[in-house]
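Working through the structure, step by step
What follows is each chain in one-letter form.
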Amino acid sequence: MARPDRSVSPSAQRATGDRAGPAMLGVPRWTLVVAALGALLIVLPLVGMLLTVDWLQLPALISSPSAVAALALSLRTAAASTALCVLLGVPMALVLARTRFPGQRLVRALVLLPLVLPPVVGGLALLATFGRRGLLGETFEVLGVQIAFSTTAVILAQTFVALPFLVLSVEATLRASGARYEAVAATLGAAPGTVFRRVTVPLVLPGLLSGAVLAFARALGEFGATLTFAGSLEGVTRTLPLEIYLQRESDPDAAIALALVLVVVAIVVMVGTHRPERAR
Amino acid sequence: MRRRATTVLTLATTALALTGCAAGSGTAGAEGTGTLTVFAAASLAGTFTEIAGDFEADNPGVTVRLTFGGSADLVSQVSEGAPADVIATADAATMTRLTETGLVAGTGSVVFATNTLEIAVPADNPAGIRSFADLAAPGLALVICAPQVPCGATTAAVAAAAGVRLTPVSEENSVTDVLGKVQSGEADAGLVYVTDVAAAGTDVLGIEFAESTAVVNEYPIAVLAESTQSQPTRSVGSLAGDFTRFVTGPAGQAILREAGFGAP
């Protein structure tokens, strides 16, 4: 979202051509109309939902024990899966952005696959792998780890769908910043581990932060894979989206109220921490 | 195998119905011809596809358009003005909601089938379940429907009648989700309808239990007041009425019985 720079007058905007750029340069008027239409497509349904909220009942609906349990579980699992995403995703992005190996394009496409897969398909794939009768299910059972119907299954499902967001974001930042600083650090005698900690991580921090926020938001909204893979039990696997889906069956007002909570949490997280990079 | 064949049939019929609708919309209301839109509960997908096919064969020029979904969903769609001629739900409660709002034609609804619960276990029955009481065993991965949905309400009532306290590892939104968890072997046991076990094929073993008769689920069918096919267009009566009579008649009942549904 570009903000108009109020310190520059319209005539000055036309006259200047420096890199910071006047606000309307390269933005034909028709794009404003189309952009507004696009924004409406996203905002109008939210307005429509707001209009159906039963405001009088809202406090009671969102403070019911099952609603509170679902929200708490959602925040807990989304935080855990975001941490997992950062742990796994940064090295993945580094390998994808800074190395060359045969089949790299295919690997990259596979890593991004969860972005385009319907979540149910993701759930089925996870089931076939980590399920009790899946590829690794028996191994886990021998190790005494029960994944089926556990909170672990929820975190796995959320990590599966959210990881590509983090990898994409960090990889883009790595590519944009180039490898010059790392090269300089290395020629000055820094070991790869030191370069990673002292140069690469600080460089990708903005991308890492926005990627982590996107991953958290995606994990918070995860529904299909969780339902297919983890099941639905209050306090254990029934996250807020699952609770909304269930309430819709019997109490549409409660479903709308909980949907509002989810939207508010998502907006707070996005607005509070997601800062798109600006020209400095 | 049987389930796969039914799915293919459903798809084929839906495709036919869709194309038939586009091409034949101008003929609606003519003598004994036209398109009949039927909303039916998801658990009726197999049987109603078969029934609709037979009904079309008996009534040349008639196309039956089937829409399957959760009963509550279908009822809210009709309430919001979805054009349907006939609706068949999986429980009496949802149909009552329609009747109370005056959306059902004067003839009212009629029960055409019943369904009871059955225990579903993976084919090899890993937990050795033999009775309803076995479902209370500690450590058992039992999956049931959530109490908010019709199958879950039935489950709760049956458990209460049997005096068995169930501690499921998951409460699903639909009977198909429960069946899926049993089929994949994730769950040791699940509670689903008799007809679901019959349709599931060889991956799933059904275990009948005496306590199931405590709650019998009734399936009502009704002609909708807004139906464009409820007017008598010929001597035998309206097309929508004909269809409901076909379902409650011997031909429809035979198909329903074959799939495991009980008599009304």
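Read on for an overview of the structure. Since the model is a prediction, treat every value here as computed from it, not as a measurement.

Look at Phe149(A): it is not a glycine, yet its phi comes out positive at around 60°. In this structure, Phe149(A) sits in the loop between α7 (137-142) and α8 (151-177). Phi is positive for Asn125(B), close to 40°, though the residue is something other than glycine. Looking at where Asn125(B) falls in the secondary structure, it is placed in the loop between β5 (117-122) and β6 (142-145).

Here we come to the state of the cysteines. Formally, a disulfide is one covalent bond, and it connects the sulfur atom of one cysteine to the sulfur atom of another. All names here are of chain B. A full pass over the atoms with the stated rule returns 1 disulfide over all chains. The partner cysteine of Cys 145 in its disulfide is Cys 151, sulfur to sulfur 2.0 Å. On the sign convention where negative means left-handed, the S-S torsion of about -95° between Cys 145 and Cys 151 marks this disulfide as left-handed.

This part covers the sheet that holds strand β10 (residues 217-224) of chain B. Residues and elements named next belong to chain B. Strand order in the open sheet made by the 5 strands is β2-β1-β3-β10-β4, with mixed pairing throughout. Each having just a single partner strand, β2 (62-69) and β4 (104-115) make up the two edges of the open sheet. Mean inter-strand twist for the sheet, computed between neighbouring axes without regard to direction, equals 20°. As judged from the 7 bridges shared by β4 and β10, these two strands associate in the antiparallel manner. Of the residues in β10, the one forming a bridge with Ala 113 is Tyr 219.

Let us look at the pairing of β2(B). Residue and element names in this part refer to chain B. Alignment of strand β1 (residues 34-41) against β2, held across 8 bridges, turns out to be parallel. Pairing of Phe 39 across the sheet is with Thr 67, part of β2. The β-α-β motif built from β1, the intervening helix α2 (residues 45-58) and the parallel element β2 has right-handed crossover chirality.

The next subject is the pairing of strand β8 (residues 189-193) of chain B. Residues and elements named next belong to chain B. Of all 5 residues in β8, 5 are buried; the element is thus mostly enclosed. Examined bridge by bridge, β5 and β8 share 4 bridges and lie antiparallel to one another. Bridging from a neighbouring strand, Glu 118 pairs with Val 192 of β8. Inspection of the sheet shows β6 paired to β8 by 2 bridges, in the parallel sense.

A few words on the pattern of salt bridges. Scanning the model with the defined rule gives 9 salt bridges over all chains in all. Among the charged side chains, a network of salt bridges with common partners joins Arg108(A), Glu171(A) and Arg175(A).

Residue and element names in this part refer to chain A. Evaluation of the coordinates by the stated rule reveals 1 cavity of 30 Å³ or more. Put simply, the largest cavity is a space of about 50 Å³. Lining the largest cavity are Phe 130, Gly 131, Arg 132, Gly 137, Phe 140, Glu 141, Val 145, Gln 146, Ile 147 and Ala 148. Here the element with the most residues in the lining of the largest cavity is α7; it accounts for 3 residues. When grouped by side-chain class, the residues that make up the lining of the largest cavity number 5 nonpolar, 3 polar and 2 charged.

Turning to the packing of aromatic side chains, a few remarks are in order. Each aromatic ring pair is described using two quantities: the centre-to-centre distance and the angle formed by the ring planes. Counted by the stated rule, this structure contains 9 aromatic pairs over all chains. Both rings, one in Phe223(A) and one in Tyr245(A), keep their centres 5.0 Å apart while their planes meet at 75°; by these two values the pair is edge-to-face. In this pair, Phe223(A) sits in the loop between α10 (192-221) and α11 (224-229) while Tyr245(A) sits in helix α12 (residues 240-250), placing the two residues 22 residues apart along the sequence. Residue Phe223(A) is classed as partly exposed on the basis of its relative accessible area of 26%. An angle of 70° between the planes, with centres 5.5 Å apart, marks the rings of Phe55(B) and Phe246(B) as edge-to-face. Here the residue Phe55(B) occupies a position in helix α2, and Phe246(B) occupies one in helix α8 (residues 239-248), the gap between them amounting to 191 residues. Each member of the pair, Phe55(B) as well as Phe246(B), carries the same accessibility label: buried. An aromatic cluster is built from Phe48(B), Phe55(B), Phe112(B), Tyr219(B), Phe243(B), Phe246(B) and Phe261(B), whose rings are joined through pairwise contacts.

A few words now on the nonpolar core. Residues Leu166(A), Val170(A), Leu240(A) and Ile244(A) are the most contacted members of the largest nonpolar core, which totals 40 residues. Within the residue set of this core, elements represented by two or more residues are α3 (58-62), α4 (65-98), α5 (104-116), α8, α10, α12 and α13 (252-273) of chain A. Sequence-distant contacts of Val170(A), that is, excluding residues within four places in its chain, are made with Ala93(A), Val204(A), Gly207(A) and Leu208(A). Val121(B), Leu142(B), Val178(B) and Val204(B) belong to the second largest nonpolar core, which has 35 residues in total.

Let us now look at the interface of chain B and chain A. Residue-level contacts link 23 residues of chain B with 18 residues of chain A. A buried area of about 1800 Å², summed over both sides, lies between chain B and chain A, and 46% of it is on carbon and sulfur atoms. It is Gln148(B), Asn173(B) and Glu186(B) in chain B that bury the most area against chain A; as a group they hold 38% of the surface buried on that side. Counting across the interface, chain B meets chain A through 4 salt bridges.

Next up on the list: helix α9 (residues 250-258) of chain B. Residues and elements named next belong to chain B. Those residues of α9 not exposed but buried are Gly 252, Gln 253, Ile 255 and Leu 256. Buried residues of α9, seen end-on, are gathered within an arc of 160° and therefore sit on one face of the element. Exposed residues on α9 whose side chains face more than 90 degrees from its buried face are Pro 250 and Glu 258. Looking one or two residues past α9, Gly 260 carries a phi angle of roughly 105°, positive in sign.

Cut-offs and rules
Residues numbered from 1 in each chain as written. Chains lettered and ligands numbered in written order. Predicted model: local features only at pLDDT ≥ 70, side-chain atom pairs only at ≥ 80, totals over all residues. Heavy atoms only, no water. Helix = DSSP H or I, 4+ residues; strand = E, 2+ residues; numbered from the N terminus. Disulfide = S-S within 2.5 Å. Pairing = 2+ DSSP bridges. Axes fitted to C-alpha atoms, helices over the stretch in contact; angles between N-to-C directions. Right-handed = clockwise from strand over helix to strand, strands pointing away. Buried < 20%, exposed > 50% of the residue type's maximum accessible area, 1.4 Å probe, protein only. Salt bridge = Lys/Arg side-chain N within 4 Å of Asp/Glu carboxyl O. 1 Å grid on protein atoms, 1.4 Å probe; cavity = no way out; pocket = protein on both sides within 12 Å on 5 of 7 lines; lining within 4 Å. Points joined across faces, edges and corners; volume = space filled by probe spheres on them. Nonpolar A, V, L, I, M, F, W, Y, C, P; charged D, E, K, R; others polar. Phe/Tyr/Trp six-rings, centres within 6.5 Å; stacked < 30°, edge-to-face > 60°. Core = buried A, V, L, I, M, F, W, Y, C linked by side-chain atoms within 4.5 Å. Contact = heavy atoms within 4.5 Å. Buried area = accessible area lost by both parts, 1.4 Å probe. Arc of directions from axis to C-beta.

These results come straight from atomic positions and should not be treated as a statement about function.
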